[in-house]
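Okay, here's what each chain looks like letter by letter:
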Amino acid sequence: MAKSENELTWKDIEIGAAVIEPGSAAAYRTGDWRSQRPTYDFSRCLKCGICFVFCPEGCIGQNQKGFFEANPYYCKGCGICAYECPTRVIVMREEEEK
Amino acid sequence: MIGKRHGIEVSIALADAVKLCDADVIAAYPITPQTHIVEHLAELVAEGELDAEYIPVESEHSALSACLGSAAAGARTFTATAGQGLELMHEVLYVASGMRLPIVMAVANRALSAPLSVWGDHSDAMAVRDTGWIQIFTENGQEVVDQIICAFKIAEHHKVLLPVMIHLDGFNLSHVIEPIEMPDKQGVCDFAPHRRSPLTLHPSRPVAMGDFAPPVIFTEAKWAQEQAMLVVKPTIVEIWEQFAEKFGRTYKPVECYKCDGAKNLLFTMGSFSETAMTAVDKLRQAGVDIGLVRLRLWRPFPFEEFCAAVKDAETLLVLDRCISSGGPGGPVASELKSALYKLDKKPKVVSFVGGLGGRDITVAGFEKIIVDGLELAETGQERIFEIVGVRE
């Protein structure tokens, strides 16, 4: 996409608001919807990947050290990963908390 | 180029005009008083006189939905409806205009239930005035035929690409037999050749139409659509001028009858204008200072032309065939008042509502409206609007 959604002016809109280039939901910043975010204490992590399996957004991947972590661009803060984590690595915190 | 005039029912003539324009797809759900239009088109397709896809559907909602698909594929698309049918199409009307699809629809105006009425009224047209369609009101059978031909050219013009409604009063126009001159086939083909939209569905050029717009982009999309609607008026006027050159009949967004120097003006839309003209003639002979302003183009509203037509008037008597319930009375009168707001010297507006659900207003009825209206303009109208001929 040449411009992101919030840069497009009305003059950039195609006739009838048609979409003329291929794309996917990959461009949607679902992380904007979040009110809570997952925080991690990796000292207890087993790298079991259960959070990865259960994430409905498919936004969890392994970081460089092999720990599973959500991508904040897509994570909408549902908390399923925190609920499923067997060793309580993940704690959901309010977005405005540090 | 003057052809032969022959007596024909206006609905049948309308269907013949659609044939002259070589429509590719017709979606049909017959509803009184529009029925004869699609019935005659069914005959024309069945007899091979019109090479079109005729889609009988199970509701008006489906009729317009079928039109969306065919217009998106680039086919010249026509449908017709009336009253309740137009209301059942309501949500799809926004989709058609939002997707900028050049669909042409004839609307045989009728009242909305309850109580059930199939007769002429403008309630259906006023209920859809904000749906983003171009709306043109016709006065007689000849205008219906001419405006259908112009509608295809307007809708498909690259500067327009918006759906068009041609309004004809149910029964008062749709079911009368009038002398009508049908334009010749070659003339219509030259005047309104098929023009394909720059964006149509095609496997080799894939596009997605009618997509999802989150809050971050919806305002921009609607503003783009509104800008398109605001700039179409000169194109419509230009197409009407081209029509006049080719076929000899002139159409304007706002038309004046005996308005020169008139201090008092009557305002009408649709087929009642013809009756009102006779009343104006009679009262003029009796020395009453009165002229008639008729509106042809309802959406986009021709603000400049309307203000120019009434700028020297002191009184404007407006007849609505619809009630804006619990609001300002007649929707047309309230819109005219808002159009006049920016003028320093505004005429007094006296609002009448009449001709509801097929109630006739005769020449004498219009004379009474004019005489009463002028008196109310002097004394001041206490009620928001006057209702014509109600039994108290």
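Since this is a predicted model, take the numbers as computed values, not measurements.

In terms of regular secondary structure, chain A is built from two helices and four strands. For chain A, the N- to C-terminal ordering of α and β elements is β-α-β-β-α-β. Whereas a compact globule of 98 residues would reach a radius of gyration of roughly 13 Å, chain A reaches 17 Å, over 25% beyond that. Projected onto its principal axes, the C-alpha positions of chain A cover 55 × 25 × 20 Å.

Another aspect to go through is empty space enclosed by the protein. Residues and elements named next belong to chain A. One pass over the full model with this rule turns up four cavities of 30 Å³ or more. Approximately 110 Å³ is the volume found for the largest cavity. Along the wall of the largest cavity there are 15 residues; nearest its centre are Cys 45, Cys 48, Cys 51, Cys 85 and Val 89. Taken together, the residues of the lining of the largest cavity sort by class into twelve nonpolar, two polar and one charged. The calculated volume of the second largest cavity comes to roughly 70 Å³. Residues of the lining of the second largest cavity, tallied by class, amount to six nonpolar, three polar and one charged.

Take the environment of B:Tyr251 next. Residues and elements named next belong to chain B. When you line up the elements, Tyr 251 lands in the loop between helix 10 (233-247) and strand 9 (254-257). Here Tyr 251 falls in the buried class, since its relative accessible area comes to 7%. Separated by 15 residues in sequence, Tyr 251 and Ile 236 have C-alpha atoms that sit 9.9 Å apart. Among residues more than four places away in sequence, those in contact with Tyr 251 are Gln 142, Glu 143, Asp 146, Gln 147, Trp 240, Phe 243 and Arg 296.

Another point: the packing of helix 7 (residues 141-156) of chain B against helix 10 of chain B. All names here are of chain B. In contact at an axis separation of 10 Å, helix 7 and helix 10 are set at 130 degrees when each is read in the N-to-C sense. Considered as vectors, helix 7 and helix 10 are oriented oblique to each other. Relative to helix 10, the crossing made by helix 7 is right-handed. Residues Asp 146, Gln 147, Ile 149, Cys 150, Lys 153 and Ile 154 of helix 7 touch helix 10, and the partners they reach there are Ile 236, Ile 239, Trp 240, Gln 242 and Phe 243. Looking at the contact of helix 7 with helix 10 residue by residue, the classes come out as seven nonpolar, two polar and two charged.

Let us look at the pattern of salt bridges. Residues and elements named next belong to chain B. One pass over the full model with this rule turns up 24 salt bridges over all chains. Between Glu 139 and Arg 294 there is a salt bridge, with the nearest N and O atoms lying 2.8 Å from each other. Taken together, the positions of Glu 139 in the loop between strand 6 (134-137) and helix 7 and Arg 294 in strand 11 (residues 291-295) put the pair 155 residues apart, joining distant regions of the chain. According to the relative accessible area criterion, Arg 294 is buried, its value standing at 11%. Notably, a salt bridge pairs Arg 299 with Glu 335, separated by 2.5 Å at the nearest N-O pair.

Residues and elements named next belong to chain B. Core analysis: the biggest nonpolar cluster contains 57 residues, and Leu 14, Leu 41, Phe 78, Ile 134, Ile 148 and Ile 154 have the highest contact counts within it. Among the elements that make up this core, the one with the highest residue count is helix 7 (nine residues). For Leu 41, the residues in contact, after removing those within four places along its chain, are Ala 15, Val 18, Ile 26, Leu 50, Tyr 54 and Phe 78. Val 254, Leu 265, Val 310 and Val 318 belong to the second largest nonpolar core, which has 27 residues in total.

Residue and element names in this part refer to chain B. With respect to topology, seven strands assemble into an open sheet ordered 3-2-4-5-7-6-12, the strand pairing being mixed. What marks the edges here is a single partner per strand, and that holds for strand 3 (53-56) and strand 12 (297-299). Sheet twist, expressed as the mean angle between neighbouring strand axes with direction ignored, is 20 degrees. In terms of strand pairing, strand 6 meets strand 7 (residues 164-169) through four bridges, oriented parallel. Counted as the bridge partner of Gln 135 is Met 165 from strand 7. Those strands touched by helix 3 (residues 60-72) are strand 2 (25-28), strand 3 and strand 4 (77-81), and its axis lies near 165 degrees from that of strand 4.

Estimated volume of the largest pocket: approximately 1,600 Å³. Along the wall of the largest pocket there are 49 residues; nearest its centre are A:Glu5, A:Leu8, A:Val19, B:Phe212 and B:Ile217. Only helix 5 (90-98) and helix 9 (215-230) of chain B provide two or more residues apiece to the lining of the largest pocket. The element best represented in the lining of the largest pocket is helix 9 of chain B, accounting for nine residues. Taken together, the residues of the lining of the largest pocket sort by class into 28 nonpolar, ten polar and eleven charged.

What follows covers the interface of chain A and chain B. Taken residue by residue, the interface counts 14 residues in chain A and 20 residues in chain B. Roughly 1,400 Å² of surface becomes buried between chain A and chain B when both sides are summed, with 73% attributable to carbon and sulfur atoms. When the buried area of chain A at its contact with chain B is split by residue, A:Trp10, A:Ile15 and A:Gly16 rank highest and sum to 41% of it. On the surface where chain A and chain B come into contact, there are zero salt bridges. At the boundary of chain A and chain B, one finds two residue pairs in polar contact (both at pLDDT 80 or more).

Cut-off values and rules
Residues numbered from 1 in each chain as written. Chains lettered and ligands numbered in written order. Predicted model: local features only at pLDDT ≥ 70, side-chain atom pairs only at ≥ 80, totals over all residues. Heavy atoms only, no water. Helix = DSSP H or I, 4+ residues; strand = E, 2+ residues; numbered from the N terminus. Rg over C-alpha atoms; globule rule 2.2 N^0.38 Å. 1 Å grid on protein atoms, 1.4 Å probe; cavity = no way out; pocket = protein on both sides within 12 Å on 5 of 7 lines; lining within 4 Å. Points joined across faces, edges and corners; volume = space filled by probe spheres on them. Nonpolar A, V, L, I, M, F, W, Y, C, P; charged D, E, K, R; others polar. Buried < 20%, exposed > 50% of the residue type's maximum accessible area, 1.4 Å probe, protein only. Contact = heavy atoms within 4.5 Å. Axes fitted to C-alpha atoms, helices over the stretch in contact; angles between N-to-C directions. Parallel < 35°, antiparallel > 145°, perpendicular 65-115°, else oblique. Left-handed = near helix turned anticlockwise from the far one by under 90°. Salt bridge = Lys/Arg side-chain N within 4 Å of Asp/Glu carboxyl O. Core = buried A, V, L, I, M, F, W, Y, C linked by side-chain atoms within 4.5 Å. Pairing = 2+ DSSP bridges. Buried area = accessible area lost by both parts, 1.4 Å probe. Polar contact = N/O pair within 3.5 Å; in protein donor to acceptor, adjacent residues only side chain to side chain.

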